[in-house]
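One letter stands for each residue in the lines below.
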Amino acid sequence: MIIAIDGPAASGKGTLARRLANHYGLKHLDTGSLYRAAALTILNAGGDPADEGLAIEAAEQLEFNRFDDDDLRTPGVGDAASIVAAMPRVREIMLRRQRAFAGGPPGAVLDGRDIGTIVCPDADVKLFVTASVDVRARRRYDEALERGQAVQFEEVLDDLKRRDERDTTRAVAPLRPAADAHLLDTSELDIETAFQAAVKLIDGETQTGCDR
Ligand code: C5P
């Protein structure tokens, strides 16, 4: 079984994807980490993430397990990741890696921006997870504070808006729900309620004739 989860930053899709993978005994790939790792490689070397040559090289040599989560999760890296992610050749390289991961037993949950539309268009179940930009900014702000990172709420909000704009308007694989995706708005839901809602959708879908 393949479960595709897409949505904007801090919609709750990552936590949901991890919990669903655990619940159904599937592998999990946070595909944003691939773009973040490529961006961080460039930033660590003092390069410009908008330099396509550097971005392609970083994507080709990607070892995303090399970075720890805190380094990948900063707003600066998220912003650089969305610059790198708008480059068609970078996306081609990432596409191969994501499909290689998704194939084979026991199946997988992938979360990102283009999983249901491009990476796994034949996924058994597709979820598009959203939340209002203010709720999402509050979540990211609280997470940053917990990690001890010094951030301003307005900065986090601006960063999310900028990334949403870049991710939804880019020419290649823009962020948008697949036609057959289930929408899940988590603005008013805690993670447990969102998880239960997702399980209900997935169980409903996989029992009603979707037998891939
Ligand atoms: O999900 P996360 O915030 O970690 O993603 C970082 C950036 O990577 C996103 O803003 C987006 O530009 C890019 N991305 C993408 N396609 C994916 C996953 C992430 O373009 N499947």
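These notes cover the structure that comes with them. (Residues numbered from 1 in each chain as written. Predicted model: local features only at pLDDT ≥ 70, side-chain atom pairs only at ≥ 80, totals over all residues. Heavy atoms only, no water.)

1. Here we look at the sheet that holds strand β3 (residues 108–112)
Reasoning step 1: Pairing in this open sheet of five strands is parallel, and the strands run β2-β3-β1-β4-β5 from one edge to the other. Both edges of this open sheet fall to β2 (27–30) and β5 (182–185), since each of them pairs with a single strand only. When strand polarity is set aside, the average angle formed by the axes of neighbouring strands in this sheet is 20°.
Reasoning step 2: Pairing of strand β4 (residues 125–130) with β5 involves four bridges; the strand directions are parallel. Note on β5: the bridge partner recorded for Phe 128 is Leu 183.
Reasoning step 3: Contacting β1 (2–6), β2, β3, β4 and β5, helix α1 (residues 13–24) runs over the sheet at an angle of about 180° to β3. (Pairing = 2+ DSSP bridges. Helix = DSSP H or I, 4+ residues; strand = E, 2+ residues; numbered from the N terminus. Axes fitted to C-alpha atoms, helices over the stretch in contact; angles between N-to-C directions. Contact = heavy atoms within 4.5 Å.)

2. Here's the deal with unusual backbone geometry
Reasoning step 1: Omega for the bond connecting Pro 105 with Pro 106 falls within 30 degrees of zero, at 0°, which places this linkage in the cis form.
Reasoning step 2: With respect to the helices and strands, Pro 106 occurs in the loop between α6 (88–102) and β3.
Reasoning step 3: A positive phi angle, close to 65°, is found at Ala 10, a residue other than glycine.
Reasoning step 4: Within the element layout of this structure, Ala 10 appears in the loop between β1 and α1.
Reasoning step 5: Here Ala 173, not a glycine, exhibits a phi torsion of approximately 45°, which is positive.
Reasoning step 6: Structurally, the position occupied by Ala 173 is in the loop between α9 (153–169) and β5.

3. Brief notes about the layout of surface pockets
Reasoning step 1: In this structure, the largest pocket spans a volume of roughly 790 Å³.
Reasoning step 2: Around the largest pocket, the lining is made up of 42 residues, and of these Ala 10, Lys 13, Gly 14, Arg 73 and Arg 140 lie nearest the centre.
Reasoning step 3: For the lining of the largest pocket, the element with the most residues is α1, which contributes five residues.
Reasoning step 4: For the lining of the largest pocket, the class distribution of residues is 12 nonpolar, 12 polar and 18 charged.
Reasoning step 5: Considering only enclosed or pocket space, the second largest pocket measures out at about 180 Å³ in volume. (1 Å grid on protein atoms, 1.4 Å probe; cavity = no way out; pocket = protein on both sides within 12 Å on 5 of 7 lines; lining within 4 Å. Points joined across faces, edges and corners; volume = space filled by probe spheres on them. Nonpolar A, V, L, I, M, F, W, Y, C, P; charged D, E, K, R; others polar.)

4. As for the pattern of salt bridges
Reasoning step 1: Inspection of every chain in the model, using the stated rule, returns 13 salt bridges.
Reasoning step 2: Here Arg 136 makes a salt bridge to Asp 164, at a shortest N to O gap of 2.6 Å. Taken together, the residues span a long stretch of sequence, with Arg 136 in helix α8 (residues 133–146) and Asp 164 in helix α9 at a distance of 28 residues. Judged on exposure class, the residue Arg 136 and its partner Asp 164 are both buried.
Reasoning step 3: The salt bridge partner of Glu 143 is Arg 140, with a shortest N-O separation of 3.2 Å. One end of the pair, Glu 143, and the other, Arg 140, are both in helix α8, three residues apart, so they sit about a helical turn from each other.
Reasoning step 4: Assessed through its relative accessible area of 23%, Arg 140 is described here as partly exposed. (Salt bridge = Lys/Arg side-chain N within 4 Å of Asp/Glu carboxyl O. Buried < 20%, exposed > 50% of the residue type's maximum accessible area, 1.4 Å probe, protein only.)

5. Details of the side chain of Arg 73
Reasoning step 1: Inspection of the secondary structure assignment puts Arg 73 in the loop between α4 (69–72) and α5 (75–84).
Reasoning step 2: Taking relative accessible area as the criterion, Arg 73 reaches 18% and is therefore assigned buried.
Reasoning step 3: Within the local environment of Arg 73, its side chain forms a polar contact with the side chain of Ser 33, the two groups lying 3.4 Å apart.
Reasoning step 4: Residues contacting Arg 73, with those up to four places away along its chain left out, are Asp 30, Ser 33, Arg 36 and Arg 147. (Polar contact = N/O pair within 3.5 Å; in protein donor to acceptor, adjacent residues only side chain to side chain.)

6. Quick word on the site of the ligand
Reasoning step 1: Taken together, 16 residues lie near the ligand, and Arg 36, Arg 91, Arg 113, Arg 163 and Asp 167 sit nearest.
Reasoning step 2: Arg 91 is positioned such that a nitrogen or oxygen atom in its side chain is 2.7 Å from an oxygen atom of the ligand.
Reasoning step 3: Here Arg 113 contributes a side-chain N or O atom positioned 2.9 Å from an oxygen atom of the ligand.
Reasoning step 4: Considered on its own, the ligand offers 460 Å² of accessible surface; in the complex 98% of this is hidden by protein.
Reasoning step 5: Applying the majority rule of atoms within 2 Å of the grid points places the ligand in the largest pocket.
Reasoning step 6: Secondary-structure elements contributing two or more residues to the shell around the ligand are α2 (32–44), α5 and α9.
Reasoning step 7: Residue contributions to the shell around the ligand peak at three residues, all from α2.
Reasoning step 8: Per-class residue counts for the shell around the ligand are three nonpolar, four polar and nine charged. (Near = heavy atom within 4 Å. Areas by Shrake-Rupley, 256 points an atom, 1.4 Å probe, with all protein chains shown as cover. Sits in = over half its atoms within 2 Å of the grid points.)

Worth remembering: the numbers are spatial, not functional.
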